[in-house]
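Coordinates in review
Residue strings, one per chain:
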Amino acid sequence: MIYYTIKRLGLALLVALTVSFISFGLLYLSSDPAIAMAGETASDADIEAIRKLYGFDRPILVQYFDWLQRAMGGDLGKSYYFRTDVSSLIGERLPTTMTLGVCAITFAIVLSVPLGVAAAIRPNSLVDRVALFLSVMGQALPSFWFALMLIVFLSVNLRLLPTSGSDTWLHFVMPTVVLGYYAAPAIMRLTRTGMLEVLSTDYIRTARAKGLRPWVVLFKHALRNAIIPVVSLAAVQFGFMLGGSIVVETIFALHGAGFLAWESITRNDLPTVQGLILVFSLFYIVLTFFADLLNAWLDPRIRIN
Amino acid sequence: MASSDSQPNDATSVYGLMKKRVRGHQGMIIGSLIVLSVLLIALLAPLIAPHDPYQQDLLKRLIPPVWDSRGSWEHILGTDHLGRDYLSRLIYGARISLLIGIGAALISGIIGTIMGVMAGYFGGRVDMIVTFMITVRLSMPVVLVALAVVAIVGGSLQVVITVLGLLLWDRFAVVMRSSTLQIRSMDYVAAARAVGCSTSRVLVTEVMPNVVNNLIVIATIEIAHAIILEAALSFLGLGVQPPLPSWGLMVSEGKDMMLFEAWLITIPGVALFLLVLAINLMGDGVRDITAPENRN
Amino acid sequence: MKRQFLLTITSMALAAGISGVAHAGKSDDTLNVAIDRELESVDNYYNTAREGIVISRMVWDALLYRDPATNEYLPNLATSYKWVDSTTLEFDLRKGVTFHNGEKFDADDVVYTLDYVSDPNNGAKPARNVNWWASTEKLGDYKVRLNLKKEFPAALEFLSGPIVMYPNEYYAEVGPEGMALKPVGTGPYAVTSVEPGKRYKFKKYDGYHSSSPKGQANIGNVVIRTIAESNTQLAELFSGGIDWIWKVKPDQAERIEAQGQFTVKNSSTMRIGYLNFDAMGRHSKNPMNDVRVRRAIAHAIDREGIVNALVKGESMVVHSLCFPSQFGCTQDVPKYDYNPEKAKQLLAEAGYVDGFEIPFLAYRNRDYAEAMINNLNAVGIKTNFEYLKYAAFRDKVQDGGSPFNFGTWGSYSINDVSAITSHFQSGGKDDYSKDAEVIKQLGIGDSSVDPTVRQDAYKAALSRISGEVFMFPLWSYNTWYAFSKEVDFNPTPDEIPRFFTAKWL
């Protein structure tokens, strides 16, 4: 287990390093960052001064290693736009996104696990079909559309919920539903498959044959086993969600990391975009790392392989 | 695949079984019909579009569709903010949206399949590298990276297709890798290798035919995924270049008026929704029919 | 189709739902404002966004104040000013003014502020606002002198707007970072809370000096929030969460006005649109090098039609490269009417009977650009349209990578042609033609303080620019405002909303 952990950790670090290099290189496809920093009303003198000040005239590799070295110490540089530390900027915005992410993944699980179980108990029944339909809908419904429709119905017409902002928990209801709805289909499908698989195994048949009550078999024996892959999928989905919250945060004016990412892209705020891609990636890497460890711990076959 | 494994090598009986399964699969039929009609519309666009989709008339802007009391039969689905016929744009838009979906899936399919098959077939170091690349790719947030690149390079049809193609290959690689792994250990592949077939020959004649249905299933998922992503990019103002009428772009151009003229985004929105739904239904169908035990 | 139905229901419900809106704003004396972008900083000298200028006018004062109605320079923190000679200005300062934190205003604040922001090491921006004076002298507790680097006709314009006064002791202590988080000024509103990029809260400053031409604020509290998505802004307006929005799209504004639940106003701005050409072939050989082609384009574009159908509001077609109210601007220059036939004829004369194909760049107003593309297609000019983000656009244009593009310029709201014509046609990076005659005339206009000399020189330059179509001016821009019927607000042509003059009705 220790060997597996170390190996897995090494891989995670290597992935993180590669991602950092790609995200850095990617953004250097960019047009002159000095122009973006200076803003629309800046003069040529402003732009020249900025170019010198931030060292955009140096070779890219030099800039990367310089950036990497400081990034390791938690210094992601200064935002071109806000002129504050990127790390503190992201730190300020991350709680909103995390709150949203946690709510959304909880919503997705609460919605999809029971549905997946119900669908698995009676395959090809009405419940199964409804579940399937909902999941196909979830993949086809554009999120911005869904979000704006919710606003029109729940905020403008019915006045049930506040439209935008993040002051109270009520502000998070609509964003949670929109974001969570997109993670639900995958979780639902996996729960269903897992349950179907487990339900057809010998020990469940044995348990049933022993005369255990159906719900005991279902929840105590079947679900517990079927849920393992779901947990790691949920971890992965949570990682995706952080990156996918851009549209949702923009529409609901939640000043989280997703909105910051979008705004930073439009104003060519390279250090912030780099920092955010790195942080989002790290989240994913850390989550999958723990999910893998969890799986290895639960299933010894993995760690031997 | 399991189906080829469990069925005897009798082509007619496999075919007959498939036919039965297709008939019994309503989702597949509905999905295929919709996809087929969109394909036809896209191919026949110049013949069926009532107007030139690029012809503007600034004096006839934002005319509502015919079912609205302000609408007329001249423009059945109304006109957009530059007075262009909405139906014609929708018809031509089918081309662009399909092109984006299929183009992106093609690029990602080629990348993902090559990587996945190589990893599964050769194993060892190749597998390690491919698995590593998949992990790296998965850890990068798709929307964020796509947005950043399109913002930097500038949006165009080619850029959008390429960027999405370069970002969506992971699922292909993962599935192709595991399918190839499975097949590699099958008897007939081992036999082909034993009689001295070259690696490329084994891959092309023995492995590929057996992973093709998986490939189709993933392709449908990714086509749908690419179409939805393009719509999201367009919504944020970073999709294809106007005056090309992609459905995503139509939604984004109409969105400013969505609280007043809802049909402006409803029409392309419904088209997008139906197409993506149909493609997904079709993919599910293909999977259910070729390998019902893999349904998940 | 189900969604179709839902949507129809929605829009009907919406139309019905808008009536009977109860606004929270007036009852708690708080004006809720939405803006569409995150501000980089509320420190006046580290911000270039217009919304930042709006906040700056609320929180700080300048030495003078330009009356937006009469364009007269009125005394504010200075009681009077005097030109000692053409490069020396003296100010008598107002006594008894206190900053929001209780600090007294005097000559030290003025000297400190002006010295600090003009030091290039401090990076105040935009640099053109603060780089035109050489030094400041304290002549007494309430008297200062400003020594200009050279003649600078726009000096009073800057001193009556963007150059605001900071409290020297406080700023020395907290710097730009501190000022951005807890701004302190002498203005009609004091800042009570700053959530960077997200929300700013203001409270009426009861100690505001009574002699200010800005007048005392009427509304007790102002809250400015960032809401990026325009539909969300509208939804907030309709549901009463927001009282005031601006930059509403023309079509949206017309519908809101038609529904009658909100006040909708429009005001012209100094921004104008233009087409720019690589007229002299400085960067590449292309059809735009031929003046007949440029004239053909000028005749091909239906500016009137685009203004009427798309730009709307108080916008108008402009014939010279400046906004009509700007000093030195004249419409008495060669004009081009919309005449596709003539355009085709000119193209034929230039040897392009079958037209040609050319890349066309733009960075805003995609719909205007598309309408122009349609006009160009009609005379046989095919365009490869590239719609870019501003940074990428400017980069490409300045590198010479664009023989033909559509841009706009807002002149920093400075009411003088030197802020636009001289910027584009004096041989700088944005100048593709670099015409010797134009550069000469603009030079005369920029350095003289004699109004008639300036006017004549600018007219000569503008006439030549339009005659040779080095750049083709299109139309002026406008801004739409929509707000609660309980708010009395009047937009100004300088596009700087003054919330301190707003009232509850």
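Described below are features of the structure shown in this document. (Residues numbered from 1 in each chain as written. Chains lettered and ligands numbered in written order. Predicted model: local features only at pLDDT ≥ 70, side-chain atom pairs only at ≥ 80, totals over all residues. Heavy atoms only, no water.)

**Here's the deal with the overall build of chain C**
Of the regular secondary structure elements, chain C holds 17 helices and 18 strands. Since a compact globule built from 505 residues should have a radius of gyration of about 23 Å, the 25 Å found for chain C is in line with a globular shape. If you line up chain C on its principal axes, its C-alpha atoms span 75 × 70 × 35 Å. Within chain C, the proportion of its 505 residues that are buried is 61%. Taking contacts inside chain C between residues at least 6 apart in sequence as the whole, the part at least 24 apart equals 70%. Of note, chain C has its 56 positive side-chain charges centred 3 Å away from the centre of its 63 negative side-chain charges. (Helix = DSSP H or I, 4+ residues; strand = E, 2+ residues; numbered from the N terminus. Rg over C-alpha atoms; globule rule 2.2 N^0.38 Å. Buried < 20%, exposed > 50% of the residue type's maximum accessible area, 1.4 Å probe, protein only. Contact = heavy atoms within 4.5 Å. Lys, Arg positive; Asp, Glu negative; His and termini not counted. Charge placed at Lys NZ, Arg CZ, Asp CG, Glu CD.)

**Notes on unusual backbone geometry**
Phi is positive for Ala253 of chain A, which is not a glycine, with a value near 50 degrees. Within the secondary structure, Ala253 of chain A sits in the loop between helix H10 (214-251) and helix H11 (257-266). Ala253 of chain A gets classed as buried once you look at its relative accessible area, which sits at 3%. The residue Asn71 of chain C is not glycine, and still its phi comes out positive at about 60 degrees. Mapped onto the elements, Asn71 of chain C comes out in the loop between strand E2 (64-66) and strand E3 (73-75). With relative accessibility at 33%, the residue Asn71 of chain C sits in the partly exposed group.

**Quick notes on the packing of helix H5 (residues 86-122) of chain B against helix H11 (residues 199-235) of chain B**
All names here are of chain B. At a minimum axis distance of 7 Å, the contact between H5 and H11 shows a crossing angle of 140 degrees. Taken together, the axes of H5 and H11 are oblique relative to one another. As H5 packs across H11, the resulting crossing turns out to be right-handed. Contacts from Ser97, Ile100, Gly101, Ile102, Ala104, Ala105, Thr113, Val117, Tyr121 and Phe122 in H5 reach Thr199, Val202, Leu203, Val207, Met208, Leu215, Ala219, Glu222, Ile223, Ala226, Ile227 and Glu230 in H11. Of the residues contributing to the contact of H5 with H11, the split by class is 16 nonpolar, four polar and two charged. (Axes fitted to C-alpha atoms, helices over the stretch in contact; angles between N-to-C directions. Parallel < 35°, antiparallel > 145°, perpendicular 65-115°, else oblique. Left-handed = near helix turned anticlockwise from the far one by under 90°. Nonpolar A, V, L, I, M, F, W, Y, C, P; charged D, E, K, R; others polar.)

**Brief notes about the pairing of strand E15 (residues 404-409) of chain C**
Every other side chain in a regular strand lies on the same face of the sheet, so the side chains alternate between the two faces. Residue and element names in this part refer to chain C. A large share of E15 lies buried, amounting to six of its six residues. Burial along E15 is two-sided: the residues Phe404, Phe406 and Thr408 and Asn405, Gly407 and Trp409 are all buried. In the sheet, strand E12 (residues 262-277) pairs with E15 via six bridges, with the strands oriented antiparallel. Following the sheet pairing, Tyr274 is matched in E15 by Gly407. Pairing geometry for strand E13 (residues 356-362) and E15, over two bridges, is parallel. Within the sheet, the bridge partner assigned to Ala362 lies in E15 and is Phe406. (Pairing = 2+ DSSP bridges.)

**Re the sheet that holds strand E4 (residues 78-85) of chain C**
Residues and elements named next belong to chain C. Taken in spatial order, the four strands line up as E4-E5-E7-E6 in an open sheet, and their pairing is antiparallel. Strands at the two margins of the open sheet, each flanked by one partner only, are E4 and strand E6 (133-140). Averaged over neighbouring strand pairs, the angle between their axes works out to 20 degrees when direction is ignored. Two elements, E4 and strand E5 (residues 88-93), share six bridges in a ladder whose sense is antiparallel. Looking at the pairing, Ala78 lines up with Leu93 of E5. The sheet contacts of helix H4 (residues 107-118) involve E5, E6 and strand E7 (143-148), and relative to E6 the element is tilted by about 165 degrees.

**A word on the side chain of Ser411 of chain C**
All names here are of chain C. Positionally, Ser411 belongs in the loop between E15 and helix H15 (421-425). Classification of Ser411 as buried rests on a relative accessible area of 1%. A distance of 2.9 Å separates polar atoms of two side chains, one belonging to Ser411 and the other to Gln326. Contact partners of Ser411, with chain neighbours within four places excluded, come to Gln326, Ala419 and Ile420. (Polar contact = N/O pair within 3.5 Å; in protein donor to acceptor, adjacent residues only side chain to side chain.)

**Some points on the pairing of E6 of chain C**
Residues and elements named next belong to chain C. Sheet topology note: the E6/E7 ladder contains six bridges and is antiparallel. By the bridge assignment, Trp133 is partnered in E7 with Leu148. Joining the antiparallel neighbours E6 and E7 is a turn of two residues.

**Considering the interface of chain A and chain B**
Residue-level contacts link 43 residues of chain A with 35 residues of chain B. Between chain A and chain B, roughly 3,700 Å² of surface is buried when both sides are summed, and carbon and sulfur atoms account for 81% of that area. For the interface between chain A and chain B, the tally reads one salt bridge. Between Asp284 of chain B and Arg189 of chain A there is a salt bridge; the shortest N-O distance is 3.0 Å. The dominant element in the side of chain A that touches chain B, judged by the number of residues it contributes, is helix H1 (residues 2-27) of chain A, at eight residues. Residues that form the side of chain A that touches chain B fall into these classes: 32 nonpolar, eight polar and three charged. (Buried area = accessible area lost by both parts, 1.4 Å probe. Salt bridge = Lys/Arg side-chain N within 4 Å of Asp/Glu carboxyl O.)

**Focus on the state of the cysteines**
Residue and element names in this part refer to chain C. Summed over the entire model, instances satisfying the criterion amount to one disulfide over all chains. There is a disulfide in this structure between Cys322 and Cys329, and the S-S distance comes to 2.1 Å. Judged by the sign of its S-S torsion, about 80 degrees, the cystine formed by Cys322 and Cys329 is right-handed. Cys322 gets classed as buried once you look at its relative accessible area, which sits at 0%. Its relative accessible area of 15% is what places Cys329 among the buried residues. (Disulfide = S-S within 2.5 Å.)

**Quick word on the nonpolar core**
For soluble globular proteins, the rule of thumb is that nonpolar side chains tend to be buried together. In terms of nonpolar packing, the biggest core is built from 166 residues, with Ile251 and Phe252 of chain A, Trp247 of chain B together with Phe238 and Ile256 of chain C touching the most fellow members. For this core, the element with the highest residue contribution is H10 of chain A, accounting for 15 residues. Of all hydrophobic cores here, the second largest spans 137 residues; its members include Leu39, Val59, Val222 and Ile224 of chain C. (Core = buried A, V, L, I, M, F, W, Y, C linked by side-chain atoms within 4.5 Å.)

**As for helix H7 (residues 143-157) of chain A**
Residues and elements named next belong to chain A. Between its terminal C-alpha atoms H7 stretches 20 Å, which fits the 21 Å expected from 15 residues at 1.5 Å a residue. Counting buried positions over the 15 residues of H7 gives 13, a clear majority of the element. Once H7 finishes, Arg159 follows within two positions and takes phi at roughly 55 degrees, a positive value. (Expected span 1.5 Å × (residues − 1).)

**What to know about the packing of helix H8 (residues 230-239) of chain C against helix H9 (residues 250-259) of chain C**
All names here are of chain C. Between H8 and H9, whose axes approach to 13 Å, the crossing angle comes to 15 degrees. Relative to H9, the element H8 is oriented roughly parallel. The handedness of the crossing between H8 and H9 is right-handed. Together, Ser230, Leu234 and Phe238 of H8 and Gln252, Ile256 and Gln259 of H9 make up the contact between the two elements. For the contact of H8 with H9, the residue count by class is three nonpolar, three polar and no charged.

**Description of the pattern of salt bridges**
Opposite charge on two side chains makes pairing possible when the charged atoms of those side chains draw close. The final tally for this structure, using the stated rule, is 47 salt bridges over all chains. With a closest N to O distance of 2.6 Å, Asp435 of chain C and Arg464 of chain C form a salt bridge. Residue Asp435 of chain C is located in the loop between H15 and helix H16 (436-447), and its partner Arg464 of chain C is located in helix H17 (residues 451-468); the two are separated by 29 residues in the primary sequence. For Arg464 of chain C, a relative accessible area of 31% corresponds to the partly exposed category. The network of salt bridges with common partners includes Asp80, Arg84, Arg89 and Glu253 of chain B together with Glu370 of chain C.

**Considering the packing of aromatic side chains**
Applying the stated criterion to the full structure yields 43 aromatic pairs over all chains. Seen from their ring centres, Tyr86 of chain B and Trp263 of chain B are 5.6 Å apart, and the 85 degrees between their planes marks the pair as edge-to-face. Within this pair, whereas Tyr86 of chain B is found in helix H5, its partner Trp263 of chain B is found in helix H13 (residues 263-290), the two being separated by 177 residues in sequence. Assessed through its relative accessible area of 2%, Tyr86 of chain B is described here as buried. Relative to Phe424 of chain C, the ring of Trp409 of chain C has its centre 5.0 Å away and its plane inclined at 80 degrees; by these criteria the two rings are edge-to-face. In this pair, Trp409 of chain C sits in strand E15 while Phe424 of chain C sits in helix H15, placing the two residues 15 residues apart along the sequence. (Phe/Tyr/Trp six-rings, centres within 6.5 Å; stacked < 30°, edge-to-face > 60°.)

**Comments concerning H11 of chain A**
Counting buried positions along H11 of chain A gives nine out of 10 residues, so the element sits mostly inside the fold. At the C-terminal side of H11 of chain A, Asn268 of chain A shows a positive phi close to 55 degrees.

**A short note on the environment of Ile151 of chain A**
Residues and elements named next belong to chain A. Among the structural elements, Ile151 can be located in helix H7. Its relative accessible area of 2% is what places Ile151 among the buried residues. Residues Ile151 and Ser125, spaced 26 residues apart in sequence, show a C-alpha to C-alpha distance of 34 Å.

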